[in-house]
Amino acid sequence: MTRLIPQGLYDPRFEHDACGVAFVASIAGERSNAIVGRGLEALVNLGHRGACGCDPETGDGAGILIQIPDAFLRRAAGIDLPAPDAYGLGMVFLPTEPEERRRCEQIVERCCDDEGLRLLGWRDVPHDPMAVGHVSRSGMPAIRQFFVAAVGVHGDVLERRLYVLRRAIERRRDEAPPAGDELFYICSLSCRTVVYKGMLMAQQIAPFFPDLVDHSVISALALVHSRFSTNVLPRWDIAQPFRYSAHNGEINTVRGNVNWMRARQSKFKSALYGADIEKLRPVIDETGSDSAQFDNALEMLALTGRPPHHAIMMMIPEAWHQNHEMDEERRAFYEFHSALLEPWDGPAAIAFTDGRVIGATLDRNGLRPARYVVTDDGLVVMASEVGVLDLPEERIVRKWRLEPGKILLVDTEQGRIVDDDNAKAELARAHPYRDWIRQGTVYLHELEDTEHPAEPDAGTLLIRQQAFGYTQEDIKFLLAPMMTTGEEPIGSMGNDTPPAVLSDHPQPLFNYFKQLFAQVTNPPIDPIREQMVMSLVTSLGAGGNLLEQAPSQARRLEMPHPILTNADLGKIRHVTQRDFPAATISAVFHLGEERGLERGLRRICRMASQRIAEGYAVLVLSDRNIDAAHAPIPSLLAVGAVHHHLIREQTRTGIGLVIETGEAREVQHFALLMGYGAEAVNPYLAFETLHDLARRGLLPPGIDAHKAEATFVKAICKGLLKTISKMGISTIQSYCGAQIFEAIGVGREVIDRHFCGTASRIGGVGLDVIAQEALARHSDAYPEVRVGAPVLQEGGQYQWRRNGEFHQWNPETIAKLQHAVKANDESWYREYAALVDDQTRQLKALRGLFRFREDREPIPLEEVEPASEIVRRFATGAMSLGSISTEAHETLAIAMNRLGGKSNTGEGGEDPRRYERDPNGDWRRSAIKQVASARFGVNANYLVNAAELQIKIAQGAKPGEGGQLPGHKVDEYIARLRYSTPGVGLISPPPHHDIYSIEDLAQLIHDLKNVNPQARVSVKLVAEVGVGTVAAGVSKAHADHIVIAGYEGGTGASPLSSIKHAGIPWEIGLAETQQVMVLNDLRSRVTLQADGQMKTGRDVVVGALLGAEEFGFATSALVASGCIMMRVCHLNTCPVGIATQDPRLRERYAGKAEYVVNFMTFLAEDVRRHMARLGFRRFDEMIGRTDVLDVREAVEHWKAQGLDFSLLLHRPQVPASVDVRRMIEQDHGLEKALDHELIALARPAIEHGHPVQIDLPIRNGNRTVGGMLSGEIARRHGEAGLPNDTIRIDLRGSAGQSFGAWLAHGVTLTLHGDANDYVGKGLSGGRLVVRPPDSSRIVAEDNIIVGNVVLYGATGGEAFFRGVAGERFCVRNSGAIAVVEGVGDHGCEYMTGGVALILGRTGRNFAAGMSGGIAYVLDEDGGFAGRCNMGMIELEAVETEEDADRLRSLLQHHADYTGSPVAERLLADFPAAQSRFLKVMPIDYKRVLTARRTVPLEMVG
Amino acid sequence: MGKLGGFIEFHRRLPPRRPVDERLHDYREVYLTWPVESVREQAARCMDCGIPFCHSGCPLGNLIPEWNDLVWRDDWAGAIERLHATNNFPEFTGRLCPAPCEPACVLSINDDAVTIKQVEVSIIDRAFEEGWVRAAPPAHRTGKRVAVIGSGPAGLACAQQLNRAGHNVTVFERDDRIGGLLRYGIPDFKLEKWVLERRIDLLSAEGVAFETGYDIGVDITGAELRARYDAVVLAMGAGHPRDLPVPGRELEGVHFAMEYLPQQNRRVAGELIGEAETLSARGRRVIILGGGDTGADCLGNVHREGCASVHQFELLPPPPESRAFDNPWPQWSLIMRSSSAHEEGGVRDYSISTTHLSGSNGRVERLHGVRVEPRKVDGRMQFVPLEGTEFTMEADLVLLAMGFLGPVRSGLLEELGVDLDARGNIVADADFQTSVPGVFAAGDARRGQSLIVWAIAEGRQAARGCDRVLMGSTRLP
């Protein structure tokens, strides 16, 4: 089988995919070829969700799973087959080279013999190589089927035998894999189902496999899938469906899930398999994609005695912890199973089948779309979109969507649809789970304290703090804020200190690890507003035999969260001894011993094994026993070592691993300890530090030691939730051991032994250096000679200190740069650059370790292209007006416009007055308009006034996180630009709610391109391992421009742990991106930009050589404008008037556009000097020339000696025709837009204001309808658009995604049919009406009519939907007025303005983060309050005349536009109706409105 | 951090000085004490910068934001702990340092700097009042012996640090009392001598030995010293004054400032000075040559003595009232500064070069000067006389306060044979060790004439270097 081999920084492990998934089934189980055909048709109509790479004829993979077409095969194979379920059919990819193929076939044959099965024969599967593209063809395998049987064996028994057979074949294959790139892969082997798949596009499946169009190929179900992946290398085997499932989404926790499965499988026992169970191990093929590994686990669970949906409920449980509406039996079911299996967490729409039942489910947060319809003739069609099949409207009896965590099940044997409630209730009642739990589970927080925990020892505290490397900053910046506020501490202005491996100061091992985070391919979660899906519940001692259901499995010790107080640990040590005996292992090492740390590690691993053998259930690794002769083993190393040791020994499950450590004190520490396997942490020294502050009277008034301790724990828990949510993970249980980190500067041996599977791409320190660092801390604490009283080191991580950590921005560099730009004196710039470049050469940044080759032929400076050309490649960073002052913001814009470079609006809208030039020719318009998650002020007019539209997926300072602009920074002006209310805070959610996957991103790019076809669309990513594959996907999503931001950057406020610990330097991210994109021939379509603490011409040149064409400068541009790195952006007290809205401070702003112009010019001249020295005339010549870079030969740094940059400087071997920089335009496919027709028809209205009426059909392939038209209108008429109803458009059918996006004022779009996701995205004043067609038989208010995330970021206009909407209706609406007849979860989330009227049931978490606007909800069942998130709102009766008038008027309009019977009924007796409504009123908004006594909302119409 | 937004709320203020006509009658310090609340308010102006340029601008690296914050939070004990962490003698710097931290203060970009020096002196004065400053003898002794030559701020700081490291330290002073320039250079109205005594007592209590009246190189040879001690630190200052090579220099009544100032301090200290040696300004017309701190110290003294008139002449042109463009923040600001002495009277004049002195009976009576202009001649800056600006001024006492040119070379330095640089200062390596192994140098003797804060910083670093050389490693900060 083809194993893709990593090369350079490319590692196939980091490929992602997302996709279209669908199934079609006959409820009655009637088999037909029509089902197969409809499955394929549905897939073709999801074609825009798949992708192709550099070869437009080669898809990322597509396929279909059907029931075995027995009659067809009997005929086609010419083999005498037993009864239909008494033989197995294998579908297999084989090597094309005949001998090799034969060898593989012999493996199959031999294994059949071994397993007591008879091989009945082989069949060549007809296929047409010409139906696929050349890249696909180049990797195409031989495709054959084989048939096996055994006398008297059929059905389930045969199915299990076939499973064992397949695993046997696979094992033998892996012992001697096929040579070269050849493939030997079993797509399916079953007596019920067969999978046809390959590296195909949806529309190629049928032409490629003629079998499928044969009329006798019949099935009652068809499961189809097409991929949109980040890779394009020919890989036939990772196409979906897999054997049991097809998956649209990502498994974020896969690393941990696989490790845990590996640890668990030693305990497998099953009567169904007996000794054969051995052959199933390892359950998971770790070379597969995350989806394939999921399928492996699902298959195993489904073939060992559980129905497939039972397995699905274990693997993707609903969010049950905090769901108080859930019935007790189901809760017990989930709670019981949580002890068996941690969730496979991530966004997911999974369709699954065992060949008899077919079903689908959605992840707990509903982050994938899945719609289904049921017809009156018993057909069920489930797909990522509605409208994939042309079904006559009058035959449809049900239209609905999969809801978060819910299951849809079609049992084709019993001929019925089983809904979520029934399916789950049956399983939940199968055993008395609640009783089992009551008997077996011990809740830590319910136990009494029995002993007095260790008293803090103030006398030795300072010394122990020193031994664990505490600094004064740890107390000032970390502990103090956490214990007072219960929040993570905040900082500003990024990170300009060296990576741990280059720091001269001993660093905690924690600092070598960087948090990974979700970007593009899956969304981060908002841990505050969407806390209901998250859980910190942890348990110890759980486990046992996964394959059985028994009361003994409920035996475990459960904790509400993984942070243990000393009292908690006391309970674990003593109270629960009978049930969960705990053993303590001392995690210290002896100073004097040769290789003491290594011996120490061996000792604790040995002890752990021994204690397990002795029957202990909980292991406590403790570093309390330090003294002058013993130093603590770095806690992370201790945990990683023991965890991986026990996994290797397969004794990890059933054992609770607890660490009692003096080291852990900040969120990153806890996150790492758990990420590498600790289930609970007791940070005793942090607690003692708090007690000591109390003793010394240094706690703030009203806080005593216990309060401080509790608040600190709360802050850590919050931080943990935030950290896991950044990675898109919802439960700490599945996070534990998931290793979602990348190491920067840790050597191979350490990783492979103690942190297996962690990426560490530049090598680095070994145990010797780690020991040296631990010893340096120890000798601080226990010096041979003590001089003066012990005192903590200053630190200097967060603020510059002379004896502290090194900062690139320091008094000298700032002073020199500022004087250079003010005086326009290049000699000062050169001094500045010399300092910075010298610093970097002294190994303060990775790029400092590079050297330009000296054997290059220099050229005269005059021959190098002029600075005026080079500055065009420069952009300033995305800093919003709001985070920085108007003065500072406009300075940057004017400067960059003068230069022909680009400035960036940041996330905060832009004042339209800046779109016109000043009298002197200056332009305050930002060329780059950012489109970020909160979409502030992103309307059609904003979008058309841009040269570049930048989708901010992540930002360097806090990738994976949202943000918050506090109310005091929202003045009149900022509120106006952001369409919000002055004085009311604004929340930016962590994800874009229209980007949960790569195909969603493609959609947003398409949307933006429609509105403004002239602007290039840019996607901003942050460097982390795998960013290259993400970028490749982004290129395939048709971005024109990609930014790779380093983690060091960042100008605004961010949590300190994010500034320091999330993301990696741009050097690695950029190099990876360049390599992967060149390797896939995707580089030529996009421009690459790098940013993150770029300071000098040398930085630019290094960036160019690594592959960047353009460069961003944020901090340095601000420093040129007068920023002095105060790092108080979050406090509104910037003394130089930059990061503040305080008018008194803004007056102090002294920056000038000239300064920025001077800086950029100096930079460009600096670049030119380097170019002359290196012999490059044109900048373009430098791009991607890593061969001009050398790594410094003499790495003198004591820690840096193990670093190896060969992967970074690798140049992929590709044909000469493959370009390494942007050469061609993306094909955006805009010519297919329906809007061309609309614009043509609306021409009289656009040009002369003459009203027009348009009538057209529509289908789901027509995406972003109305967007381009609105762009045209905005370009001519600005924000005001056209008069009401100037353009009326009626459309009939199912609309594609983003229907009515950014619809401009004056356009009314009426859809007779239904619509998919993102209806009315960014609505900019237009009117949207969606109503069922007249022929429809369904009851509109009981069925879904529009999809998820409707009216996201709408700034104005109206929308009327006769029917129910999906999740996140009106998310971030800031001005639109909307009426709908029911909504899913998270309705009106983050809303800041406008009105929502809901005439039906809402889902849970309504109004989370809602800070403005009003919602009226018809509360028929009286349960609305329970489904509301009361964090920011209050509920009122609709009493005032103003409210009543508004309500009545909205109902009237809804009735008029949609003909809604619901509205008519309510209007018929309005006074009675009025009393059934509740008004949702944001508290802050009300406060501000009351204070102002103004009514900002205009009446409808 | 200090109070959030404190810098917007409060303005810079300093404690009032005593009225001129009152203070001219005594030699006591000129500042009035200030209420604690006022100090805290000033400390609250500190912005706790991400990059504290003040801390960078301070040669000692004083942790200024830290103790400003502690003062604002009323934790004076914490404040002195942080202050003492980098500064052995804040009561000296808090009174005498020109405070390069303040022009480097970020607030001074567009506002008035934090009153760092005032906060500093308030912390240490409070600490002494509260009895928090106590002798802390080292817990153990290394058995190594170190001689420190010179008892000025560099020598004292060096001695205290070496003593903390456990070495047995002896400080040798040529004069009869300990203190160097602090004792005999700085007038009492800037530093009352009990402040010095108090600190010396603490050092003694910690175990530092003092030997006064020892002129090393004369009373005992360098060789003997080296034989008796494991290391020697040269901290004898830059005692070699810049002279005025003009006709009439030899006249009586023309004196170096360092002849005049020590005598004044002795007198204030109650010592009796013989009539013949007395060098008094009472009733005299005084001209002070040199516009620096030493000149100002002379000025304050001659006021107090009751001179008839006093002029202070400076060769350089007057500095600007505010920063020149090419003297940007956070550099030391070259601006017009007035000390308390200037407030008390006298005339300051700039761009003046003395051409000669004249008089009768061997006594000076007149100074002949000319106005000059700085000009680049052959690439070198020269002061060119302006024709027609020659003038004559009556003078009975001319004090030369034109700076110093390195340590006195004759005697000990010659005997030890340490290398000197082109400017006559002692050359030393990163450990502050001179060309002669085991011999270290610190302060003005190594650095050339400089500020007291530099002297303390040098003393500390030399101690660290010396300890490292003696012990192989050091834990001294």
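Residues numbered from 1 in each chain as written. Chains lettered and ligands numbered in written order. Predicted model: local features only at pLDDT ≥ 70, side-chain atom pairs only at ≥ 80, totals over all residues. Heavy atoms only, no water.

A. A look at the overall build of chain B. Counting its regular elements, chain B contains 19 helices and 14 strands. By the compact-globule yardstick of 23 Å for 477 residues, chain B fits well, its C-alpha radius of gyration being 23 Å. Expressed as lengths along the three principal axes of its C-alpha atoms, the size of chain B is roughly 65 × 60 × 50 Å. Within chain B, the proportion of its 477 residues that are buried is 55%. When contacts within chain B are restricted to residue pairs at least 6 apart in sequence, those whose partners lie at least 24 apart make up 67%. Summing over all exposed atoms, chain B offers an accessible surface of approximately 19500 Å²; the carbon and sulfur share of this is 50%. Averaging the coordinates of the 53 positive side-chain charges in chain B and doing the same for the 66 negative ones gives two points 3 Å apart. (Helix = DSSP H or I, 4+ residues; strand = E, 2+ residues; numbered from the N terminus. Rg over C-alpha atoms; globule rule 2.2 N^0.38 Å. Buried < 20%, exposed > 50% of the residue type's maximum accessible area, 1.4 Å probe, protein only. Contact = heavy atoms within 4.5 Å. Areas by Shrake-Rupley, 256 points an atom, 1.4 Å probe, with all protein chains shown as cover. Lys, Arg positive; Asp, Glu negative; His and termini not counted. Charge placed at Lys NZ, Arg CZ, Asp CG, Glu CD.)

B. Structural context of the pairing of strand 11 (residues 357–362) of chain A. All names here are of chain A. Most of strand 11 is tucked away: 6 of the 6 residues are buried. On strand 11, burial covers both faces: Val-357, Gly-359 and Thr-361 on one face and Ile-358, Ala-360 and Leu-362 on the other are all buried. Across 5 bridges, strand 10 (residues 348–353) lies against strand 11 in antiparallel orientation. From the neighbouring strand, Ile-350 faces strand 11, where its bridge partner is Thr-361. Hairpin connection between strand 10 and strand 11: a loop of 3 residues separates the two successive antiparallel strands, and Gly-355 in this loop has a positive phi of roughly 95°. For strand 11 and strand 15 (residues 407–411), the ladder comprises 5 bridges, and the chain directions are antiparallel. Of the residues in strand 15, the one forming a bridge with Ala-360 is Leu-408. (Pairing = 2+ DSSP bridges.)

C. Just the packing of helix 15 (residues 472–485) of chain A against helix 21 (residues 705–726) of chain A, in detail. Residue and element names in this part refer to chain A. Relative to each other, helix 15 and helix 21 sit at 100°, their axes nearing to 7 Å. Considered as vectors, helix 15 and helix 21 are oriented roughly perpendicular to each other. Contact residues: Leu-479, Met-482, Met-483, Thr-484 and Thr-485 in helix 15; Ala-708, Thr-711, Phe-712, Ala-715 and Ile-716 in helix 21. Of the residues assigned to the contact of helix 15 with helix 21, the class counts are 7 nonpolar, 3 polar and no charged. (Axes fitted to C-alpha atoms, helices over the stretch in contact; angles between N-to-C directions. Parallel < 35°, antiparallel > 145°, perpendicular 65-115°, else oblique. Nonpolar A, V, L, I, M, F, W, Y, C, P; charged D, E, K, R; others polar.)

D. Seen up close, the sheet that holds strand 21 (residues 556–559) of chain A. Residues and elements named next belong to chain A. What the 3 strands build is an open sheet, ordered 17-21-20; its pairing is mixed. A single partner strand is all that each edge strand has here, and the edge strands are strand 17 (441–443) and strand 20 (538–540). The mean angle between the axes of side-by-side strands here comes to 30°, regardless of whether they run parallel or antiparallel. Relative to strand 21, strand 17 runs parallel, the two sharing 3 bridges. Residue Tyr-443 lies in a different strand from strand 21, and its bridge partner there is Glu-558.

E. Representation of the sheet that holds strand 9 (residues 245–249) of chain A in the model. Residues and elements named next belong to chain A. The strand order 9-10-11-15-16 describes an open sheet built from 5 strands, whose pairing is antiparallel. Looking at which strands have only one partner, the edges of the open sheet turn out to be strand 9 and strand 16 (416–418). Averaged over all adjacent pairs, the angle separating strand axes in this sheet is 10°, with direction ignored. Most of the contacts of helix 12 (residues 420–428) go to strand 16, to which it runs at about 75°, and overall it touches strand 15 and strand 16.

F. A look at the interface of chain A and chain B. Facing the 37 residues of chain A at the interface are 39 residues of chain B. Both sides of the chain A and chain B interface together cover about 3100 Å² of buried area, and 62% of this is carbon and sulfur. A per-residue breakdown of the area chain A buries against chain B is headed by Val-787, Arg-802 and Arg-1148 of chain A, which together make up 19% of the total. Here Lys-476 of chain A and Asp-48 of chain B are joined by a salt bridge, their closest N and O atoms 3.0 Å apart. Applying the counting criterion to the chain A and chain B interface returns 17 residue pairs in polar contact (both at pLDDT 80 or more). The set of elements that each furnish at least two residues to the side of chain A that touches chain B consists of helix 15, helix 24 (767–781), helix 25 (811–823) and helix 37 (1143–1146) of chain A. Split by residue class, the side of chain A that touches chain B holds 19 nonpolar, 7 polar and 11 charged. (Buried area = accessible area lost by both parts, 1.4 Å probe. Salt bridge = Lys/Arg side-chain N within 4 Å of Asp/Glu carboxyl O. Polar contact = N/O pair within 3.5 Å; in protein donor to acceptor, adjacent residues only side chain to side chain.)

G. Here's a closer look at the pattern of salt bridges. Scanning the model with the defined rule gives 163 salt bridges over all chains in all. Where Asp-1099 of chain A meets Arg-847 of chain A, a salt bridge forms, and the shortest distance between an N and an O atom there is 2.9 Å. One end of the pair, Asp-1099 of chain A, is in helix 35 (residues 1097–1106); the other, Arg-847 of chain A, is in the loop between helix 26 (826–844) and strand 31 (850–852), with 252 residues separating them in the sequence. The two residues Asp-1099 of chain A and Arg-847 of chain A agree in class, both being buried. In this structure, Glu-91 of chain B engages Arg-199 of chain B in a salt bridge whose closest nitrogen and oxygen atoms are separated by 2.5 Å. In this pair, Glu-91 of chain B is assigned in helix 7 (residues 90–96) and Arg-199 of chain B in helix 12 (residues 193–206), connecting sequence segments 108 residues apart.

H. Broad picture of the pairing of strand 26 (residues 656–660) of chain A. Residues and elements named next belong to chain A. Of all 5 residues in strand 26, 5 are buried; the element is thus mostly enclosed. Across the two faces of strand 26 the burial is the same, with Gly-656, Val-658 and Glu-660 and Leu-657 and Ile-659 all buried. In this sheet, strand 27 (residues 680–682) lies alongside strand 26 in parallel orientation, the contact comprising 3 bridges. Pairing of Ile-659 across the sheet is with Val-681, part of strand 27.

I. Quick look at helix 40 (residues 1267–1277) of chain A. Listed as buried for helix 40 of chain A are Gly-1267, Met-1268, Leu-1269, Ser-1270, Gly-1271, Ile-1273 and Ala-1274 of chain A. The secondary structure elements touched by the buried residues of helix 40 of chain A are helix 29 (940–944), helix 31 (998–1011), helix 39 (1235–1248), strand 45 (1287–1295) and strand 46 (1307–1315) of chain A.

J. Structural view of the side chain of Asp-1166 of chain A. Residue and element names in this part refer to chain A. Assignment of secondary structure puts Asp-1166 in helix 38 (residues 1153–1174). A residue is classified by how much of its surface remains accessible, and Asp-1166, at 6% relative accessible area, is buried. Among all residues touching Asp-1166, those that are not within four sequence positions of it are Tyr-829, Ala-833, Thr-1096, Gly-1097 and Arg-1098.

K. Geometry of the packing of aromatic side chains. The full count for this structure, using the stated rule, is 35 aromatic pairs over all chains. Judged by centre distance (4.9 Å) and plane angle (40°), the rings of Phe-1360 of chain A and Tyr-1457 of chain A are tilted. Pair noted here: Phe-1360 of chain A is in strand 49 (residues 1356–1361) and Tyr-1457 of chain A is in helix 42 (residues 1441–1458), with a separation of 97 residues, a long-range link. Note on Tyr-1457 of chain A: relative accessible area 23%, which makes it partly exposed. Arranged with centres 5.4 Å apart and planes meeting at 80°, the rings of Phe-172 of chain B and Tyr-214 of chain B form a pair that is edge-to-face. Residue Phe-172 of chain B is found in strand 2 (residues 168–173), and its partner Tyr-214 of chain B is found in the loop between strand 3 (209–212) and helix 13 (222–228); the two are separated by 42 residues along the sequence. Accessibility expressed as a relative area gives 29% for Tyr-214 of chain B, which makes it partly exposed. One aromatic cluster in this structure is built from Phe-93, Tyr-185, Tyr-196, Phe-208, Phe-209 and Trp-236 of chain A. Above the plane of the ring of Tyr-1318 of chain A lies Lys-1321 of chain A, whose end atom (NZ or CZ) is 4.7 Å from the centre. (Phe/Tyr/Trp six-rings, centres within 6.5 Å; stacked < 30°, edge-to-face > 60°. Lys NZ or Arg CZ within 6 Å of the ring centre and 35° of its normal.)

The analysis is restricted to geometry; functional conclusions fall outside its scope.
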